[in-house]
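Chain and residue survey
Residue strings, one per chain:
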Amino acid sequence: MAAHKGGASAGVQCLIAYGQAIPAITATAASPTGHPALDLLSLIQWPAFAASVVAAWLVASSSKPRRNVGFWIFLLSNVLWVAWGIHTSAYALLALQFCLAAMNIRGLFKTED
């Protein structure tokens, strides 16, 4: 397999193999190790993930106040997932988060004192 590098642009080069262009990340000033610089919006998925797990734990509690807090945290996770979904054009995720937010609001009303 003969491969050669195509023209470089913004830290991405294309390897040409079997007539196919395959993108390859190369080092840039922003990423001296060869890894692309992290996009801050891409990191939103991790606090959204953590909030979802904590919220699920709290919602499963037998304590009504803890369940209420869990629904509030679920709503926070919905907002974070929507921000990430918009950033990544994940439209099914966006639709899911709006549906889950409606259920979380329902849960809030059911757990209020």
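Residues numbered from 1 in each chain as written. Predicted model: local features only at pLDDT ≥ 70, side-chain atom pairs only at ≥ 80, totals over all residues. Heavy atoms only, no water.

**Focus on the overall build of the chain**
In terms of regular secondary structure, the chain is built from 3 helices and 3 strands. The order of α-helices and β-strands along the chain, N terminus first, is β-β-β-α-α-α. Residues classed as buried in the chain amount to 27% of the 113 residues present. Within the chain, contacts between residues at least 6 apart in sequence are counted, and of these 35% link residues at least 24 apart. Approximately 7,700 Å² of the chain is accessible, and the part contributed by carbon and sulfur atoms is 70%. (Helix = DSSP H or I, 4+ residues; strand = E, 2+ residues; numbered from the N terminus. Buried < 20%, exposed > 50% of the residue type's maximum accessible area, 1.4 Å probe, protein only. Contact = heavy atoms within 4.5 Å. Areas by Shrake-Rupley, 256 points an atom, 1.4 Å probe, with all protein chains shown as cover.)

**Re the packing of helix H1 (residues 45–59) against helix H2 (residues 64–88)**
Closest axis-to-axis distance for the H1/H2 pair is 8 Å, and the angle between their directions is 160 degrees. When the axes of H1 and H2 are compared, the pair comes out roughly antiparallel. Two packed elements cross with a definite hand, and for H1 against H2 that hand is left-handed. Contacts from Gln45, Pro47, Ala48, Phe49, Ala51, Ser52, Val54, Ala55, Ala56, Leu58 and Val59 in H1 reach Arg66, Arg67, Val69, Gly70, Phe71, Ile73, Phe74, Ser77, Leu80, Trp81 and Trp84 in H2. (Axes fitted to C-alpha atoms, helices over the stretch in contact; angles between N-to-C directions. Parallel < 35°, antiparallel > 145°, perpendicular 65-115°, else oblique. Left-handed = near helix turned anticlockwise from the far one by under 90°.)

**Here's the deal with the side chain of Asn104**
Inspection of the secondary structure puts Asn104 in helix H3 (residues 91–111). The residues touching Asn104, leaving out its near neighbours within four places in the chain, are Phe71, Phe74, Leu75 and Asn78.

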